[in-house]
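Here's the letter readout for the chains.
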Amino acid sequence: MMDIATRVWNHKWKIDPIVRSLIDTDFYKLLMCQSVFRNRRDTQVTFSLINRTKSIRLAEIVDEGELREQLDHIRSLSLTRGESTWMRGNTFYGKRQMFRPDFMDWFEKLRLPPYHLEKRDGQYELTFEGSWPEVMLWEIPALAVLMELRSRAVLDDMGRFELQVLYARAMTRTWEKVECLRGTPGLRIADFGTRRRHSFLWQDWCVQAMLEGLGGSFAGTSNCLIAKNRDLEAIGTNAHELPMVYAALAEDDESLARAPYDVLADWHEEHEGNLRIILPDTYGTEGFLNRAPDWLAGWTGIRIDSGDPAKGAETAICWWQERGEDPREKLVIFSDGLDAEKILDLHARFSGRVKVSFGWGTMLTNDFKGLAGDALAPFSLVCKAVAAEGRPTVKLSDNPEKAMGPVSEIARYKRVFGVGPQASIPVTV
């Protein structure tokens, strides 16, 4: 097993680029990229870094030269022969050749497009502009770079024994969580922690700990590079990005209201089985389900990613029952702000009523809170599509604290999608 603390001390990270592969990303990004390549490849989009935790002044912590060095390194990456073989020949979700030859031909030639970086009021403004399939692949590596550079800045001031103790404590904390979950009947859990991880090496360690500690309860990882290297299942479906961009492209209120279902109609043509998972909260879960076409009720399940998770699952169960579907045959994936205690609580509440699964993210791969004061505590950093063809994107969510977009457009979207008062839930990660 790798001694991470010694690696940090001996090399000061110089031999470890933060992002070491174009498939050091989440599986859902590759699935969505193929869908965009097929359906909307010429759409011009803008992605932007958004730090929701304003108290973390990243531009005062992370050196601009180091940030540019890491971003430039990512732009030099291309798909290796082994990575291409894995994508072309591996079985994903029970299906061979998940990635089409035309998409793979394009991906094998890809280099990520330029970025724009400047400092403003203690924060970095990092944006990416260009064709949607190219620009969207910046999201995960951009986040991973900023999160890990912040970690490196803190660790750089620590001595050798301090580093050893820090990682020993972090490993103990993670293993105690694994032990807490171990032996839970029917538990199904995957690593979703790429975007806000402490570091690549730490995420890889956490995945190995989950694999050993949870055995068959560990479903796999969203990180494609780790999945490939560790011979694990690559896990993921789709995200808010798709309806946000489709909605921004809508010409009027009627087509705006239809946009989230147009996304899933395109997805329906490409995927089946456990890849047919609805993410309903982009513009409010209840309204989405109330207006959903009947064919969506036949999909495999739903992912709950904002708001009160128990309320979201109860809403889904009622919706399936009203549509004549048996909820016990449906899958509910919880993926928002999870930690071991919440996982156990939700599993106990819904196991037997639905099939339950969990995507465990930041609090798996970046729970260093209190181990170096608050200097390594996780925080809420996102990279989102903010414009499509010059039009602003909007996300409402089931938690108004996660809403994004111009105020006037947020009001319009709330009107079109019938979103009323919402309960605010503090966003920590």
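Above this text sits the structure in question.
**A short note on helix α6 (residues 101-109)**
Of all the residues in α6, the buried ones are Phe103, Met104, Trp106 and Phe107. All buried residues of α6 fall inside an arc of 160° around its axis, so they share one side. In α6, the exposed positions that point more than 90 degrees away from the buried face belong to Pro101 and Lys109. Among the structural elements, α2 (27-39), α5 (81-89) and α7 (132-135) are those in contact with the buried residues of α6.

**Overview of the pattern of salt bridges**
Throughout the structure, instances matching the rule amount to 34 salt bridges. For Arg88, the salt bridge goes to Asp105, with nearest N and O atoms at 2.8 Å. Of this pair, Arg88 sits in helix α5 while Asp105 is found in helix α6, placing the two residues 17 residues apart along the sequence. Residue classification places Asp105 among the partly exposed residues on the basis of a relative accessible area of 36%. A cluster of three or more residues bridged by salt bridges with shared partners is formed by Lys29, Glu139, Arg195 and Glu241.

**Regarding the environment of Asp231**
One can find Asp231 in the loop between α11 (224-230) and α12 (241-248). By relative accessible area, Asp231 is classed as exposed at 72%. As for Asp231 and Gly216, which are separated by 15 residues in sequence, their C-alpha atoms are 14 Å apart.

**Some points on the packing of α2 against α6**
Interaxial distance between α2 and α6 falls to 10 Å at its minimum, and their mutual angle equals 105°. Between α2 and α6, the angle falls in the class roughly perpendicular. Of the residues in α6, those touching α2 at Leu30, Cys33, Gln34 and Phe37 are Asp102, Phe103, Trp106 and Phe107. Looking at the contact of α2 with α6 residue by residue, the classes come out as six nonpolar, one polar and one charged.

**Some thoughts on the nonpolar core**
If you look at the biggest cluster of nonpolar residues, it comprises 145 residues, and the most contacted ones within it are Met87, Phe99, Phe107 and Phe334. At 10 residues, helix α8 (residues 139-155) tops the list of elements feeding residues into this core. Not counting the four nearest positions on each side in its chain, Phe107 is found in contact with Leu22, Leu30, Leu79, Met87 and Leu137.

**Things to note about the sheet that holds strand β14 (residues 391-392)**
Sheet strands pair by backbone hydrogen bonding; their relative direction is either parallel or antiparallel. Overall, antiparallel pairing links the five strands, which are arranged β4-β5-β1-β13-β14 in an open sheet. If you trace the sheet from one side to the other, it starts and ends with β4 (115-120) and β14, each paired once. Here β4 pairs with strand β5 (residues 123-131) via six bridges, running antiparallel. Counterpart to Leu117 in the pairing with β5 is Leu126. Those strands touched by α8 are β1 (44-51), β5 and β13 (381-388), and its axis lies near 145° from that of β13.

**Some details on the sheet that holds strand β9 (residues 301-304)**
Strand order in the open sheet formed by six strands is β7-β6-β11-β10-β9-β8, and the pairing between neighbours is parallel. Looking at which strands have only one partner, the edges of the open sheet turn out to be β7 (218-221) and β8 (277-278). Here strand β10 (residues 331-334) runs beside strand β11 (residues 355-360); their pairing, made up of four bridges, is parallel. The residue of β11 that forms the bridge with Ile333 is Ser357. Along the sheet, helix α10 (residues 200-214) contacts β6 (189-191), β7 and β11; its crossing angle with β7, the most-contacted strand, is approximately 160°.

**Topic: the pairing of β13**
Within β13, seven of the eight residues are buried, which leaves it mostly tucked inside the rest of the structure. Pairing of β1 with β13 involves seven bridges; the strand directions are antiparallel. Bridging from a neighbouring strand, Val45 pairs with Ala388 of β13. Bridge count for β13 against β14 is two bridges, and the pairing is antiparallel. Its bridge partner being in β14, Ala388 is matched across the sheet by Arg391. The hairpin formed by β13 and β14 contains two residues between the paired strands, and Glu389 there has a positive phi angle of roughly 50°.

**Details of the packing of aromatic side chains**
What describes a pair of aromatic rings is the distance from one ring centre to the other and the angle between the planes of the rings. Across all of its chains, the model carries 26 aromatic pairs by this definition. Seen from their ring centres, Phe27 and Tyr93 are 6.2 Å apart, and the 5° between their planes marks the pair as stacked. One end of the pair, Phe27, is in helix α2; the other, Tyr93, is in the loop between β2 (91-92) and β3 (95-96), with 66 residues separating them in the sequence. Residue Phe27 is classed as buried on the basis of its relative accessible area of 0%. The partly exposed category is assigned to Tyr93, whose relative accessible area is 28%. When the centroid spacing of 6.0 Å and the interplanar angle of 80° are considered together, the rings of Tyr167 and Phe368 count as edge-to-face. With Tyr167 in helix α9 (residues 160-181) and Phe368 in the loop between α17 (362-365) and β12 (371-374), this pair connects stretches of sequence that are 201 residues apart. Judged on exposure class, the residue Tyr167 and its partner Phe368 are both buried. In this structure an aromatic cluster arises from ring pairing among Phe27, Phe37, Trp86, Phe92, Tyr93, Phe99, Phe103, Trp106 and Phe107. We note Arg40 situated over the ring of Tyr246; from NZ or CZ to the ring centre the distance is 4.0 Å. Taking NZ or CZ as reference, Arg41 lies 3.8 Å from the ring centre of Phe37, over its face.

Basis of the calculations
Residues numbered from 1 in each chain as written. Predicted model: local features only at pLDDT ≥ 70, side-chain atom pairs only at ≥ 80, totals over all residues. Heavy atoms only, no water. Buried < 20%, exposed > 50% of the residue type's maximum accessible area, 1.4 Å probe, protein only. Helix = DSSP H or I, 4+ residues; strand = E, 2+ residues; numbered from the N terminus. Arc of directions from axis to C-beta. Contact = heavy atoms within 4.5 Å. Salt bridge = Lys/Arg side-chain N within 4 Å of Asp/Glu carboxyl O. Axes fitted to C-alpha atoms, helices over the stretch in contact; angles between N-to-C directions. Parallel < 35°, antiparallel > 145°, perpendicular 65-115°, else oblique. Nonpolar A, V, L, I, M, F, W, Y, C, P; charged D, E, K, R; others polar. Core = buried A, V, L, I, M, F, W, Y, C linked by side-chain atoms within 4.5 Å. Pairing = 2+ DSSP bridges. Phe/Tyr/Trp six-rings, centres within 6.5 Å; stacked < 30°, edge-to-face > 60°. Lys NZ or Arg CZ within 6 Å of the ring centre and 35° of its normal.

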